[in-house]
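Each chain is listed here by its residues.
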Amino acid sequence: MVRLITHNLLACHVKNCTVNNFPLEFKNVQLEIREAEFNPDFIRGFLPKLEWKALVDTARQLGDTSLPTEQPEMIDDEFLQNLHHVLLEIHVEEGSMICNNCKHEYPISSGIPNMLLAEHEIA
Amino acid sequence: MPKYLVHFAQVHNEFRIPELQSIAELHGFQVQIVENPGGHGSDPNRPFMVLQLDDEKHAKILAQRCILIKAIYEFYAQGTTYAELHQQNQLPEIRVEWQKYVEDTTFKFFVTGYNHKIPQRRQREVIESFSYMGFLGKIDMKNPEISLICFEEYDEDRKLATRAKHEGDSQFKQVYFGKLLAESSARPLVGVFDVKKRKYFGNTSMEAEVSLLMANQTMASPGKLMYDPFMGTGSMAYPVAHFGALVFGSDIDGRQMRGKQGVEGEPGVMRAAKQYGVQNRILDLATFDITHNPWRTGGMFDAIITDPPYGVRAGAKRLGRKRELSERQKELCRLHRENPRPDDTPYIPPTKPYELSHLVEDLVLFARYVLRPNGRLVFFLPTVTDEYEEVDINTMLCEGMEVIANSLQDFGAWGRRLITIRKTTAEEYPPPAFRERDQQPNEDGVEPTEQDKHVPAHKDFREKYFQGFSKDKAMAPTSLPPVPK
């Protein structure tokens, strides 16, 4: 849990933290790899929703270099398999996600990130 | 076009037709309910319904997926008397349907009553009255190639009535005749997902049958992504995942998703998901308040399925404080945040009640933001039976969102409505503001419309519930007396 597909959809939401608030940076992570069902249509359908650079950078930071720097124009099966692995099979179980802008730290325990904001961060 | 006789489980009547339609839409076919004067028409309260479908495959799909279907039959005939039924059964276009079984097909023949027990002797008489069909195959009660069935439908008041042994055509409402096509393979899921047998659940977990019905309203299937923003113990996530979809869950209170063991060890939701073999389809879980959510973008979910906490056992909460702090208190809080005590982690921010009608309005706006075009929002809305008006639902709608089903589960003085809303627009909308309603006037400066002024019956539901839905008190402006200082 905290798969990279989720990580790619989450931004820091502290009040007035609106620039450079994505992607959140992983710190002190414990990873687990777990197999997931491959559904090429799902992966293909999700491509337009992804922030490619953020995904590739994050994957590389976690040690997976299977994705190309630029999103390819031709989408083949091998690419979809790699993308599937990166999006759905890498789980961050422990650690935290940090906002590069405001430095808010979102802790992850047993795979669940705590993204609740403190009182002074919402008003 | 072939006709099919559907035998429904006699529960959740108002959910039947929406369920049929959702499953038909999911698989891309049309369901037409046959209207007829003597029978059921589209009265959803009667246990039998005749459908017109393009293909037998469609009938089988319905039997595989609809929770409320007990079985589907190839429909041959019906009548208010047996004479009528036999006449219809011998029409050339019907005869063609069963003639192929005459020569050499093993069969069994059932006569059964709904709301009434038919004496054995009378059952035999009925079977004999079909002798003109001239079936030559062997009777096989264990493994017949086909099962023919005759249903007599009686009114409730005939349930305990006895009748003379020799009494013939009785006072049934309608009698139906058909051949078994498929027994429901979905209905047994109600037992599979039984909350009592679940590894992890809470006191607000949704019962299995209703959560399965909700899952069908989302049209869950492989390759879809769904979201429950009030995840709790995950009751709706399991059936949705069972049907192949990926589910994301969030909750303002992480303890609900984790269970007793707290932040250490496997979350309760994952333990239950494992039990059902769907742990890999729980995409992720996260703790946050929907009114302060971290979604970077919208338009990514195929459905939102949720049971917002409406306050009978657990009231909805959002981040914030019930009462504004004084300047001095604020300063103290700030100082404390800067130098937290070691025993003060994890920090738990203050929350305040989230009034139901506001929550629901926000939920619809939020759904419009995060759903894909044609995506669905499926949720329960509790409401006060005596006060409910159809316009209540309209108070929560916004441009581009349309109600497609609204089914009541009646508990007497109150009930809950399963609302299915479709995102009809392909336009992209900004994330909602989740404005605080206690700040008057509207922050966004929009003048209230007539619709805004209508006070829906679900407003202040929690207060009404605890006042026993007494009219006078519920009518009072904000329901609760001011808290003495």
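No experiment lies behind these values; they were computed from the predicted model shown.

**A closer look at the overall build of chain A**
Phase 1: A tally of helices and strands in chain A yields five helices and four strands.
Phase 2: Starting at the N terminus and ending at the C terminus, chain A contains elements arranged as α-β-α-α-α-β-β-β-α.
Phase 3: Expressed along its principal axes, the backbone C-alpha trace of chain A runs to roughly 50 × 30 × 20 Å.
Phase 4: Within chain A, counting contacts between residues at least 6 apart in sequence, those at least 24 apart form 72% of the total.

**Quick word on the environment of Gln78 of chain B**
Phase 1: Considering the arrangement of structural elements, one finds Gln78 of chain B in strand 4 (residues 69-79).
Phase 2: Each C-alpha atom of the pair Gln78 of chain B and Asn89 of chain B lies 8.1 Å from the other, and the pair is 11 residues apart in sequence.

**Quick notes on the domain arrangement of chain B**
Residues and elements named next belong to chain B.
Phase 1: Entries for chain B in the domain assignment read domain 1 (3-183) and domain 2 (205-423).
Phase 2: On a C-alpha basis, the centroid separation for the pair domain 1 and domain 2 is 41 Å.
Phase 3: Each partner contributes residues to the interface: domain 1 has 11 residues there, and domain 2 has 13 residues.
Phase 4: In terms of residue count, helix 1 (residues 16-26) provides more of the side of domain 1 that touches domain 2 than any other element does, six residues in total.
Phase 5: Class assignment of the residues belonging to the side of domain 1 that touches domain 2 gives a composition of five nonpolar, two polar and four charged.

**Quick look at the interface of chain B and chain A**
Much of the literature gives interface size as the accessible area that the parts lose upon coming together.
Phase 1: Facing 33 residues of chain B, the contacting portion of chain A comprises 30 residues.
Phase 2: Looking at the side of chain B that touches chain A, the elements that each hand over two or more residues are helix 9 (254-258), strand 10 (282-287) and helix 11 (327-338) of chain B.
Phase 3: Taken together, the residues of the side of chain B that touches chain A sort by class into 17 nonpolar, eight polar and eight charged.

**Re the environment of Thr233 of chain B**
All names here are of chain B.
Phase 1: Residue position: Thr233 is located in the loop between strand 8 (225-228) and helix 8 (237-242).
Phase 2: Each C-alpha atom of the pair Thr233 and Arg258 lies 8.1 Å from the other, and the pair is 25 residues apart in sequence.
Phase 3: Other than its neighbours up to four places away in sequence, Thr233 contacts Tyr200, Phe201, Gly202, Ser205, Gln256, Gly268 and Val269.

**Notes on the nonpolar core**
Residue and element names in this part refer to chain B.
Phase 1: In this structure, Tyr4, Met226, Val240, Val247 and Ile282 are the most contacted members of the largest nonpolar core, which totals 141 residues.
Phase 2: Among the elements that take part in this core, helix 12 (residues 356-370) stands out by supplying eight residues, more than any other.
Phase 3: Two domains share this core, each providing at least three of its residues, namely domain 1 (3-183) and domain 2 (205-423).
Phase 4: Here Val247 is in contact with Met226, Asp228, Ala237, Val240, Ala241, Arg281, Ile282 and Leu283, once residues within four sequence places are set aside.

Criteria and thresholds
Residues take numbers from 1 onward in each chain, read along the sequence in its written order. Chain A is the first chain written and ligand 1 is the first ligand written, with later ones labelled in order. A pLDDT threshold of at least 70 governs which residues receive local features in this predicted model, and a stricter bar of 80 or more applies before side-chain atom pairs are shown or counted, although totals over entire chains, interfaces and linings include all residues. Going along the chain from the N terminus, every DSSP run of H or I of four or more residues is numbered as a helix, and every run of E of two or more is numbered as a strand. For every residue pair, C-beta atoms are placed from the backbone, and the pair is scored as a contact if these atoms sit within 7 Å. Domain delimitation follows an automatic or database domain assignment. Just so you know the grouping, Ala, Val, Leu, Ile, Met, Phe, Trp, Tyr, Cys and Pro go in nonpolar, Asp, Glu, Lys and Arg go in charged, and all remaining residues, Gly too, go in polar. In these notes, a nonpolar core means any group of buried Ala, Val, Leu, Ile, Met, Phe, Trp, Tyr and Cys residues linked to one another through C-beta atoms within 7 Å. Residues are called buried when their C-beta atom has 20 or more other C-beta atoms within 10 Å, exposed when it has 12 or fewer, and partly exposed otherwise; all C-beta atoms are positioned from the backbone.

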